[in-house]
Amino acid sequence: MSTTLSAASAKPRHKRVLPGFGLSLGSSLFFISLILLLPMTGLVMQTANMGWSEYWYVITDERVVASYKVTIWAAVIASVFNGLFGLLLAWVLVRYEFPGKRILDALVDLPFALPTAVAGITLATLYAENGWYGQLLAELGIKVAYTPLGIVVAMSFTSIPFVVRTVQPVLEELAPEEEEAGITLGASDWSVFRRIILPSLWPALVTGVALSFTRSLGEFGAVIFVAGNMPYISEITSLMIFVRLQEFDFPAASAIASVVLIASLLLLFAINIWQARYLKRLHGR
Amino acid sequence: MSIRLENISKTFGQFQALSPLSLNIDEGEMIGLLGPSGSGKTTLLRIIAGLEGADSGRIQFGERDVTNLHVRDRHVGFVFQNYALFRHMTVADNVAFGLEVMDAKQRPNKAEIQQRVKHLLEMVQLGHLANRYPSQLSGGQKQRIALARALATKPDVLLLDEPFGALDAKVRKELRRWLRSLHDEIGFTSVFVTHDQEEALELSDRVVVMSNGHIEQVDEPAQLYAQPNSRFVFDFLGNVNVFDGKLEQSRLNNEQAWISAPSSDVPLNNGQLYIRSHELALHTDATAVANLPLRVVAVNPIGPEVRVELEPHEWQSEQIWEADLSHADYARNPVKRGEIVFAEPKNAYFFREGSQQAPEQVSWDSASQPVKAK
């Protein structure tokens with residue numbers, strides 16, 4: 001009797017693959033603090049030395065505001081372009097078989113692997129008036145290098161893998177039966193794409209574009225070599241931070257950086273919330 | 001609408017999925033394509049739908065030649081094995097899809113579409129789920145929505161790929177009856193694919209048995225059961241015991257076991273006797289008809305009968321034998337696991353060795369008595 005009692009009172013133990021919830025969560029939090037939170041606290045501390053009015057004055061400086069505009073516009077154009085072109089690229093990689101598919105697949109990651117400064121210098125050389133592309137474009141009267149257009153090119157180059165790599169796995173998992181069901185019901189190819197495929201891809205596509213956008217907001221290395229960096233015209237916000245740093249005005253640099261940080265964070269949170277709702281509907285609540 | 005298939009063939013790379021085959025399906029008929037996986041039944045269904053192109057042959061719907069017609073113009077309803085409901089749309093939007101994507105000229109107006117959808121959902125008895133999403137439905141509900149969606153455009157032909165494959169036994173039976181009554185009510189021509197012989201026999205007007213890309217037999221269920229025309233159909237239609245015998249001294253021998261010549265005057269030869277499990281009687285000793293010693297492996301009372309699994313004793317058979325006894329017969333001779341019993345066939349089908357022809361039906365005099373009484 002006593003043995004059955006003690007057996008009944010023993011708690012069932014759930015074994016996990018990684019032992020020690022306390023240990024694993026603790027070390028995760030420790031590293032997040034060390035690598036992510038601490039530097040961000042430093043950033044906030046540095047701006048905290050300024051008063052509100054001074055903060056406001058720094059971040060609404062005319063030249064800085066111009067840089068916001070240039071950065072945001074360039075990032076919007078670059079990420080929308082990436083959304084379209086990245087979707088196409090992912091589609092080609094998933095739906096078609098062709099020689100060299102593996103190589104193309106690997107090349108998509110190149111912008112991640114390449115040092116951004118190398119990318120910037122390469123783009124600047126290519127698009128300069130005497131470069132390969134620059135010569136041709138000059139005949140059409142289009143200048144890319146050292147103009148805001150160059151910023152767009154550099155931004156889309158460095159952030160296209162975000163779109164391809166978020167859309168690709170979702171596209172791979174898309175059941176061909178849903179498309180076939182659409183066709184047997186008489187839908188045109190375009191209807192099938194717009195009404196069946198695209199809604200399934202939306203969450204991934206929007207996430208990819210948003211990641212591409214936030215990455216573009218912060219891009220520095222690739223952009224400054226090709227942008228020309230003319231005040232009020234082709235200066236990006238990251239460069240403004242760099243300029244303030246070179247003036248040893250650390251609080252001002254931090255203040256501008258905090259604006260970029262907050263904008264990126266808000267966007268990512270918003271996307272996450274929207275995506276969670278959308279996916280809930282797809283996979284049940 | 002009737003369907004006419006002529007010399008349809010299909011290869012995937014080196015694999016011959018369908019050897020040239022022809023089939024006529026009458027208007028309003030319900031046809032079951034039955035076969036094991038890899039027999040080409042799903043390929044045939046997809047070719048009828050137009051989701052797959054045939055390498056050769058012709059397909060006609062009624063008088064209309066649809067061989068080179070695109071799926072979307074064939075006007076078929078297709079129900080997929082995994083339902084393939086549009087996950088991001090509500091149930092009502094799913095059902096309305098086929099109507100929404102019609103050309104502006106043919107498309108009913110919004111109110112009409114709503115009315116049709118409502119009617120269809122009531123027909124499948126799921127009107128109360130109109131605003132749910134597919135992920136909130138059970139398997140049986142999804143299946144019915146898939147059917148309502150396929151019927152929304154009033155197709156000429158309804159094609160179903162393993163329609164009840166993913167459902168549990170009870171729901172499956174219920175849906176089967178429901179589909180049959182719906183079919184009788186509306187009268188569409190339908191073709192469905194299944195690997196479940198019970199489903200094929202219960203649901204179809206005619207069953208098409210397929211193997212390795214061939215049609216083995218096309219017949220009404222009762223006829224198919226009474227006269228299977230090949231070893232394959234026999235094996236596939238359910239439990240059958242095979243006795244592989246050599247003709248010696250006017251009886252069929254297999255090592256220590258033998259079965260005497262049947263009473264019907266069929267000239268015997270080497271060959272196989274196919275004996276259905278309910279055509280076997282079990283005795284404690286050999287009889288004048290047969291000496292088939294078997295060891296009892298298991299005794300399972302299943303519903304109206306007792307199924308006895310038997311293992312050949314001092315002779316060879318590729319498979320375990322089964323005898324289905326009535327409870328009364330079992331009570332008369334309650335065999336136990338491990339015992340040796342002697343089986344006696346009442347009726348059987350005889351396949352001659354080396355012959356591809358249909359089997360001959362044979363039977364033995366039931367008057368025969370055990371050689372020595374117990």
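The rules behind these values
Residues numbered from 1 in each chain as written. Chains lettered and ligands numbered in written order. Predicted model: local features only at pLDDT ≥ 70, side-chain atom pairs only at ≥ 80, totals over all residues. Heavy atoms only, no water. Axes fitted to C-alpha atoms, helices over the stretch in contact; angles between N-to-C directions. Helix = DSSP H or I, 4+ residues; strand = E, 2+ residues; numbered from the N terminus. Parallel < 35°, antiparallel > 145°, perpendicular 65-115°, else oblique. Left-handed = near helix turned anticlockwise from the far one by under 90°. Contact = heavy atoms within 4.5 Å. Nonpolar A, V, L, I, M, F, W, Y, C, P; charged D, E, K, R; others polar. Pairing = 2+ DSSP bridges. Polar contact = N/O pair within 3.5 Å; in protein donor to acceptor, adjacent residues only side chain to side chain. UniProt positions renumbered as here; feature names shortened; annotations may be inferred. Domains from an automatic or database assignment. Buried area = accessible area lost by both parts, 1.4 Å probe. Salt bridge = Lys/Arg side-chain N within 4 Å of Asp/Glu carboxyl O. pLDDT = per-residue confidence, 0-100. 1 Å grid on protein atoms, 1.4 Å probe; cavity = no way out; pocket = protein on both sides within 12 Å on 5 of 7 lines; lining within 4 Å. Points joined across faces, edges and corners; volume = space filled by probe spheres on them.

Caption draft 1: Region of interest: the packing of helix H5 (residues 139-151) of chain B against helix H6 (residues 169-186) of chain B. All names here are of chain B. In the contact formed by H5 and H6, the axes pass within 11 Å of each other and the chain directions differ by 20°. By the angle between their directions, the pair H5 and H6 is classed as roughly parallel. In this structure, H5 meets H6 at a crossing whose hand is right-handed. Residues Gly-140, Gln-143, Arg-144, Leu-147 and Leu-151 of H5 touch H6, and the partners they reach there are Val-171, Leu-175, Trp-178, Leu-179 and Leu-182. A breakdown of the residues in the contact of H5 with H6 according to their chemical character gives 7 nonpolar, 2 polar and 1 charged.

Caption draft 2: Structural detail: the pairing of strand S10 (residues 214-219) of chain B. Residues and elements named next belong to chain B. Note: strand S9 (residues 206-211) against S10, 5 bridges, orientation antiparallel. Residue pairing in the sheet places Ser-211 in a bridge with His-214 of S10. Linkage of S9 to S10, two consecutive antiparallel strands, is achieved through a turn of 2 residues, within which Asn-212 is found at a positive phi near 45°.

Caption draft 3: Molecular detail of the side chain of B:Gln272. Residues and elements named next belong to chain B. Examined against the element boundaries, Gln-272 turns out to sit in strand S14 (residues 271-276). In terms of polar contacts, Gln-272 uses its side chain to reach the side chain of Arg-231, at 2.9 Å. For Gln-272, the contacting residues outside a window of four places in its chain are Arg-231, Val-242, Phe-243, Asp-244, Tyr-349, Phe-350 and Phe-351.

Caption draft 4: View of the UniProt feature "transmembrane region" (unreviewed entry) in chain A. All names here are of chain A. UniProt annotation of "transmembrane region" (unreviewed entry) refers to residues 21-45, 72-94, 106-128, 196-214, 220-243 and 255-275 when read in the numbering used here. Spanning residues 21-45, this segment combines 100% helix with 0% strand, and its end C-alpha atoms are found 33 Å apart. In residues 106-128, helix accounts for 78% and strand for 0%; the two terminal C-alpha atoms are 28 Å from one another.

Caption draft 5: Focus on the UniProt feature "domain: ABC transmembrane type-1" (unreviewed entry) in chain A. In the numbering used here, UniProt assigns the "domain: ABC transmembrane type-1" (unreviewed entry) feature to residues 68-271 of chain A. From the first C-alpha to the last, residues 68-271 of chain A spans 21 Å; its make-up is 80% helix and 0% strand.

Caption draft 6: Inspection of the domain arrangement of chain B at higher detail. All names here are of chain B. The domain architecture assigned to chain B consists of domain 1 (3-232) and domain 2 (239-363). Inter-centroid distance (C-alpha atoms) of domain 1 to domain 2 is 40 Å. Carbon and sulfur atoms supply 39% of the area buried between domain 1 and domain 2, which totals about 750 Å² over both sides. Contact with domain 2 buries surface across domain 1, with Tyr-225, Pro-228 and Arg-231 losing the most and accounting together for 71% of the total. Here domain 1 is connected to domain 2 by 0 salt bridges. Between domain 1 and domain 2 we count 4 residue pairs in polar contact (both at pLDDT 80 or more) in total. Across the side of domain 1 that touches domain 2, the residue classes break down as 3 nonpolar, 3 polar and 1 charged.

Caption draft 7: Looking closely at the confidence of the model for chain A. Residue and element names in this part refer to chain A. On average, residues of chain A carry a pLDDT of 86, and 93% of them reach 70 or more. Mean pLDDT per element in chain A: helix H1 (residues 2-9) is the minimum at 48, and helix H4 (residues 62-95) is the maximum at 93. Below a pLDDT of 50 lies the segment residues 1-8, which in the model reaches 0 contacts outside its immediate sequence neighbourhood of four places, other chains included.

Caption draft 8: Quick peek at empty space enclosed by the protein. Residues and elements named next belong to chain B. Tallied over the entire structure, the rule returns 1 cavity of 30 Å³ or more. Counted as a void, the largest cavity has a volume near 40 Å³. For the largest cavity, the full set of lining residues is Gln-143, Arg-144, Leu-147, Leu-160, Phe-164, Leu-175, Trp-178 and Leu-179. Those elements that provide at least two residues to the lining of the largest cavity are H5 and H6.

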